[in-house]
Amino acid sequence: MAARCGHATTGSLHPNWLELARIWGKHSGPGTCRFRGRLEPARTLMPPRPPGLAASSSRLRLPSWAPRPTSPSPPSQHKGEDHFTYCPATGLAVGNERSAFAGWAFPFPGVFLTEEFIGEDEESEIVGLMDQDDWKPSQSGRKKQDYGPKVNFKKQRLKAGGFLGLPSFSKKIVAQMKAYSVLDGFLPVEQCNLDYLPERGSAIDPHFDDWWLWGERLVSLNLLSKTVLSMSCDSEDSIQLFPIFTKEKGELSPFGCLAQTSACENSSKPRINCTSSPRLVPSKEVTVAIHLPRRSLVVLYGDARYRWKHGIYRKHIEQRRICVTFRELSAEFSTGGKHEELGRELLGIALSFQGRPV
């Protein structure tokens, strides 16, 4: 059974972040997978600005420690149950109750999730407009609609081709993104709509999105049905797990994750067990489930973008699902980059919002 957690978008992060940071630093050693960036309590659930992302700029150059893009993991890999569940209210990946990691957790930075990003009526309108255009066959039982430049990622070549911009219905979606600080300065240059259907066996294998052309933040809107985004790591290093507990009825008991409540604000709050040592596990043995409710918006950046692959298993497609993913330009195509002029041209086309699927 997966650990459960309320998907909240307001409230305070758990106060034990500082305590966790302290004991993490105490027990960290060679060979451990230490997430980059500071661990600190936040006043709201808005994630900290991605490391290296200045307030005046939305561009982040690829960190030197980031792995190179690779092809998707083989279909046979990571097909078991997810071991951990991401809790938006705390930023922790919490061990699932029936897994070998029950009662353990670790910080999982680089994820922002907000529910009900759009309403039911807007969702129906958007899907109706999409269905007026053709859906092209894609891989693993998916269908797609692309709004973006024509790209050869292997040869690192691109041209505008028939790209006329993002679709008109996305103008309002992009405007709504400005309400979230994690998306400060986010200027999408490409949109990809993916149609999943259980009858087609739709899925997507664990993969990294390209980062020669695409920038720091991947933004996805989940429509028509809930699903689970499964995160996996191919790194050879290890991850530090920490025992965490809830205080219930005056006693400490293993903490899986809270039942769905607002901001996990009930009497059973997580507690770090400072008397126990962390547990090291190989990164390859860990998978993290990010539950995506219908009409939710998720942003991946930092470690969740560059260290962890993301994918969706067939078993997590229960009904028709549409994913709308927006991507920004990398530093190479932004101000001061090698291809700044081309990037400026592509952005001008994208933000005209006059496009049709290419």
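Scroll up to find the structure this text is about.
Counting restarts for each chain, with residues numbered from 1 along the sequence as it is written. Only residues with pLDDT of at least 70 are given local features in this predicted model, and only at 80 or more are side-chain atom pairs given and counted; all residues enter the totals for whole chains, interfaces and linings. Neither water nor hydrogens contribute to the side-chain values; these are computed over all heavy atoms in the structure.

**Here we look at the pairing of strand β4 (residues 111–114)**
Of the two faces of β4, the one lined by V111 and L113 and the one lined by F112 and T114 are each fully buried. Two strands make a pair as long as DSSP finds a minimum of two bridges between them. Only DSSP runs of H or I covering at least 4 residues are called helices, and only runs of E covering at least 2 are called strands; the numbering of each starts at the N terminus. With four bridges connecting them, β4 and strand β18 (residues 297–300) associate as antiparallel partners. Residue pairing across strands places F112 opposite V299, the latter belonging to β18. Whether a residue is buried, partly exposed or exposed follows from its accessible area with a 1.4 Å probe, protein chains only, as a fraction of its type maximum: under 20%, in between, or over 50%, in that order.

**What about the side chain of S330?**
For S330, the location among the structural elements is in the loop between β20 (321–329) and α5 (340–350). For S330, a relative accessible area of 5% gives the class buried. In this structure the side chain of S330 is engaged in a polar contact, spanning 2.7 Å, whose partner is the backbone oxygen of W212. Beyond its immediate stretch of four places on either side in the chain, S330 contacts W211, W212, L213, W214 and G215. As used in this structure description, the phrase polar contact means that two N or O atoms lie within 3.5 Å; if the pair is within protein, one of them must be able to donate a hydrogen and the other to accept it, and residues adjacent in sequence are counted only when both atoms belong to side chains. In what follows, a contact means two residues having at least one pair of non-hydrogen atoms within 4.5 Å.

**A look at the nonpolar core**
Generally speaking, soluble globular proteins have nonpolar side chains that are buried together. Among the buried residues, those of types Ala, Val, Leu, Ile, Met, Phe, Trp, Tyr and Cys that are joined through side-chain atoms within 4.5 Å form a nonpolar core. Membership of the largest hydrophobic core comes to 40 residues, with the highest contact counts inside it found for L223 and F326. Of all the elements in the fold, those that place two or more residues in this core are α2 (120–130), α3 (170–177), β11 (214–223), β18, β20 and α5. F326 has contacts with L166, S170, I173, V174, M177, F186, P188, E190, Q191, R217, L218 and V219, leaving out every residue within four places of it along the chain. Within the second largest apolar cluster, 31 residues are counted, among which are L194, L229, V286 and I317.

**Describing α3**
Along α3, the residues that are buried comprise S170, I173, V174 and M177. Across the axial projection of α3, the buried residues extend over an arc of 95 degrees, all falling on one side. Packing partners of the buried residues in α3 comprise α2, β9 (190–196), β11 and β20. In this description, the arc belongs to the directions extending from the helix axis to the C-beta atoms.

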